[in-house]
Amino acid sequence: MFKKLLMLIVHSDRVLRIAYIPLAVVLLAISTINQAQNETSKKLYEICCLKRKAQNLSVQKLDKELCQIADKWAKYLADNNRFHHGGGEQIIARGYSSPTAAINAWMNSQGHRRWLLCNRTHVGFGFAKSKNGHPYYVGVFRTK
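Asker: Could you give me a rundown of the pattern of salt bridges, with the residues and numbers involved?
Answerer: What the rule picks out here adds up to five salt bridges. When the shortest N-O distance is used, the salt bridge between Glu65 and Lys144 registers 2.9 Å. You can see Glu65 sitting in helix H2 (residues 64-80) and its partner Lys144 sitting in the segment after strand E6 (135-142), a full 79 residues away along the chain. Residues participating in the shared-partner salt-bridge network are Asp63, Glu65 and Lys144.

Asker: Break down the environment of Lys75 for me, citing the residues and quoting the values.
Answerer: Examined against the element boundaries, Lys75 turns out to sit in helix H2. For Lys75, a relative accessible area of 44% gives the class partly exposed. Measuring from C-alpha to C-alpha, the distance between Lys75 and Ala128 comes to 5.2 Å, with 53 residues separating the pair along the chain.

Asker: Could you give an account of the nonpolar core, with specific residues and numbers?
Answerer: Note on soluble globular proteins: their nonpolar side chains tend to be buried together. Residues Leu44, Ile103, Trp106, Leu116, Phe125, Tyr137 and Phe141 are the most contacted members of the largest nonpolar core, which totals 19 residues. Those elements giving two or more residues to this core turn out to be helix H1 (23-54), strand E4 (90-94), helix H3 (99-107), strand E5 (122-129) and E6. Sort the elements by how many residues they give to this core and H1 lands first, with five residues. Residues within four places of Leu116 in sequence aside, it is in contact with Cys48, Arg52, Gln60, Ile91, Ile103, Trp106, Met107, Phe125 and Phe141. Ranked by size, the runner-up nonpolar core spans eleven residues in total, among them Leu66, Leu77, Ala128 and Val140.

Asker: Explain the sheet that holds E5 residue by residue, including any values.
Answerer: Taken together, four strands build an open sheet; the order of strands is E3-E5-E6-E4 and the sheet is mixed. Since the sheet does not close on itself, it has two edges, and those belong to strand E3 (61-62) and E4, each with one partner. Two elements, E3 and E5, share two bridges in a ladder whose sense is parallel. From the neighbouring strand, Leu62 faces E5, where its bridge partner is Val123. Most of the contacts of H2 go to E5, to which it runs at about 30 degrees, and overall it touches E3, E4, E5 and E6. H3 contacts E4, E5 and E6 of the sheet and is inclined by roughly 55 degrees relative to E6.

Asker: Outline H3, supporting the account with residue identities and numerical values.
Answerer: Of all the residues in H3, the buried ones are Pro99, Ala102, Ile103, Trp106 and Met107. Taken end-on, H3 shows its buried residues confined to a sector of 135 degrees, consistent with a single buried face.

Asker: Can you tell me about the layout of surface pockets, naming the residues and giving the values?
Answerer: The calculated volume of the largest pocket comes to roughly 190 Å³. In terms of lining, the largest pocket is formed by Asn38, Ser41, Lys42, Leu62, Lys64, Cys67, Gln68, Asp71 and Phe125. Broken down by secondary-structure element, the contributors of at least two residues to the lining of the largest pocket are H1 and H2. Examining the composition of the lining of the largest pocket, we find that four residues originate from one element, H2, more than from any other. Counted by class, the lining of the largest pocket contains three nonpolar, three polar and three charged residues.

What counts as what
- Residues numbered from 1 in each chain as written.
- Predicted model: local features only at pLDDT ≥ 70, side-chain atom pairs only at ≥ 80, totals over all residues.
- Heavy atoms only, no water.
- Salt bridge = Lys/Arg side-chain N within 4 Å of Asp/Glu carboxyl O.
- Helix = DSSP H or I, 4+ residues; strand = E, 2+ residues; numbered from the N terminus.
- Buried < 20%, exposed > 50% of the residue type's maximum accessible area, 1.4 Å probe, protein only.
- Core = buried A, V, L, I, M, F, W, Y, C linked by side-chain atoms within 4.5 Å.
- Contact = heavy atoms within 4.5 Å.
- Pairing = 2+ DSSP bridges.
- Axes fitted to C-alpha atoms, helices over the stretch in contact; angles between N-to-C directions.
- Arc of directions from axis to C-beta.
- 1 Å grid on protein atoms, 1.4 Å probe; cavity = no way out; pocket = protein on both sides within 12 Å on 5 of 7 lines; lining within 4 Å.
- Points joined across faces, edges and corners; volume = space filled by probe spheres on them.
- Nonpolar A, V, L, I, M, F, W, Y, C, P; charged D, E, K, R; others polar.

In short, the description is geometric, and any link to function would need to be established separately.
Right, dumping it as structure tokens:
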């Protein structure tokens, strides 16, 4: 039985060469990246819930669709080295070393704090890293 391979064309020192990488290795790398993003998004949600509980507010529901929107926007920002709101009901942060640091920065900003403590019923968080390793965090809020 043949193992599936992914063919890559690698440009190195102005010489093009073909590299064969086992597809399982590529899929594992993608899975690891996605898992890190999901864990970061979950951590953002957990910290947000703690902040809301400390203010005697109800916990928002973590929404898969909103997480996908947040992830997509975080990836766009990271891939394009951009930093601006995508519109509407979202908050963004860049460069913080951890989800805790990002949430704390949002809580220390009156406008962002309002979103974390808002009366929206659903929330989604996203995360991505740029090629330079800069973390991008996004929160999306809606009532469904």
